[in-house]
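# Observations on the three-dimensional arrangement
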Amino acid sequence: MDSAEQALAYAEADFNASNSLFIQLLQRLGTGPLKDAVALDIGCGPADICIRFLRAYPGASCDALDGSQPMLDLARTALDALPGIASRCRLICDTIPSRQLPSAHYDLVLSNSLLHHLPDPKVLWQTIRETGKPGAPVLVMDLMRPASAAWAEALVATYADGEPEILRTDFRNSLFAAFEPKEVTEQLSEAGLSCLEVAVVSDRHLAVMGRLPA
Ligand SMILES: C[S@@+](CC[C@H](N)C(=O)[O-])C[C@H]1O[C@@H](n2cnc3c(N)ncnc32)[C@H](O)[C@@H]1O
């Protein structure tokens, strides 16, 4: 996702179904209105999740971090068209683990579709643990590895039909790179985050939800 071409293809793809699901899951977490809350979105990409979050929670603000400048340029363009939202969103160009993120600072930690990109998934769980306030709600959603290559192809045919080849390839590679729920449960246990629950939330997504230790 580092090239401008990949970032643009990603930003132009239709993720409405999965990004809406993300906000529905957040609402089910029962966070309340999040007035004056500061959220962190890790691996924000073109900021669609962040924008949906800030629309749904008008009293909240969000720090949105991503390691790709082309992605953040697209995020900047999307935000600039929405002044009421842009003023509540701060973009940070860095990769996790990041020294730019303050410790025990965030009221809510979010991440969508990042976990499978990380060579070492531990860095996501450590970053969440270190940057969230005690008891902060957490929502991480990601693709889930299909049980077989044939099932992966069926998902590509169903959900990336008609998309440019670069996106179909990204989607296929992402499905194979993704984790099974059992593996994520093990990662959470190793990170001391067994308090978070792993749930299968669609035919291709899993979610990690709950609150950080108090
Ligand atoms: C599939 S995109 C998801 C973007 C966004 N969260 C969304 O749901 O549309 C994954 C993003 O994670 C970013 N990324 C990958 N590794 C990262 C790291 N170590 N630290 C921060 N961002 C990273 C990529 O640049 C990319 O924008």
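A quick note: this is a predicted structure, and the numbers were derived from the prediction, not measured.

Okay, the pairing of strand β7 (residues 205–211) next. Here β7 lies mainly inside the structure; 6 of its 7 residues are buried. When strand β5 (residues 137–143) meets β7, the two strands line up antiparallel, connected through 7 bridges. Paired with L139 across the strands is M209, a residue of β7. One ladder, built from 4 bridges, connects strand β6 (residues 197–200) with β7; its direction is antiparallel. If you follow V198 over to β7, its bridge partner there is V208. In textbook terms, the turn of a hairpin is the stretch between consecutive antiparallel strands, and for β6 and β7 this stretch comprises 4 residues.

What follows is about the environment of E197. For E197, the location among the structural elements is in strand β6. In the structure, E197 is positioned 58 residues away from L139 in sequence and 9.8 Å away in space, judged by C-alpha atoms. With near-sequence residues (within four places) excluded, E197 lies in contact with A207, V208 and M209.

In the vicinity of the ligand, 19 residues are found, and the nearest of them are Y10, G43, D66, I96 and N112. One nitrogen or oxygen atom from the main chain of G43 is found 2.6 Å from a nitrogen atom belonging to the ligand. Within the side chain of D66, an N or O atom sits 2.6 Å from an oxygen atom of the ligand. In isolation the ligand has 600 Å² of accessible area, and contact with the protein removes 92% of it.

Along the polypeptide, S111 turns up in strand β4 (residues 108–112). Accessibility expressed as a relative area gives 1% for S111, which makes it buried. Polar contacts involving the side chain of S111 include one to the main-chain carbonyl oxygen of I42, which spans 2.9 Å. Discounting residues that sit within four places of it in the chain, S111 has contacts with F22, D41, I42, L124, L139, V140 and M141.

Applying the stated criterion to the full structure yields 11 salt bridges. Residue E183 is joined to R145 by a salt bridge in which the shortest nitrogen-to-oxygen separation is 3.0 Å. Pair noted here: E183 is in helix α9 (residues 181–190) and R145 is in the loop between β5 and α7 (149–159), with a separation of 38 residues, a long-range link. Exposure remark for R145: the relative accessible area of 26% places this residue in the partly exposed category. Salt bridges sharing partners connect three or more residues here, namely R145, E180 and E183.

Our next topic: the packing of aromatic side chains. In total, this model carries 1 aromatic pair according to the counting rule given. Positioned above the aromatic ring of Y159 is the side chain of R204, whose terminal nitrogen or guanidinium carbon lies 3.5 Å from the ring centre.

This paragraph deals with the nonpolar core. The tendency in soluble globular proteins is for nonpolar side chains to be buried side by side. Counting residues in each nonpolar core, the largest one holds 32 residues, and the members touching the most others are F53 and L139. Here F53 is in contact with I23, L26, L34, A39, A60, S61, C62, L108 and L110, once residues within four sequence places are set aside. In terms of nonpolar packing, the next biggest core, distinct from the first, is built from 28 residues, I96, V109, V123 and L206 among them.

Within this structure's numbering, the places UniProt gives as "domain: Methyltransferase type" (unreviewed entry) are residues 40–136. Between the C-alpha atoms that bound residues 40–136 there is a distance of 11 Å. The span itself is 36% helix and 20% strand.

About the criteria used
- Residues numbered from 1 in each chain as written.
- Predicted model: local features only at pLDDT ≥ 70, side-chain atom pairs only at ≥ 80, totals over all residues.
- Heavy atoms only, no water.
- Buried < 20%, exposed > 50% of the residue type's maximum accessible area, 1.4 Å probe, protein only.
- Helix = DSSP H or I, 4+ residues; strand = E, 2+ residues; numbered from the N terminus.
- Pairing = 2+ DSSP bridges.
- Contact = heavy atoms within 4.5 Å.
- Near = heavy atom within 4 Å.
- Polar contact = N/O pair within 3.5 Å; in protein donor to acceptor, adjacent residues only side chain to side chain.
- Areas by Shrake-Rupley, 256 points an atom, 1.4 Å probe, with all protein chains shown as cover.
- Salt bridge = Lys/Arg side-chain N within 4 Å of Asp/Glu carboxyl O.
- Phe/Tyr/Trp six-rings, centres within 6.5 Å; stacked < 30°, edge-to-face > 60°.
- Lys NZ or Arg CZ within 6 Å of the ring centre and 35° of its normal.
- Core = buried A, V, L, I, M, F, W, Y, C linked by side-chain atoms within 4.5 Å.
- UniProt positions renumbered as here; feature names shortened; annotations may be inferred.

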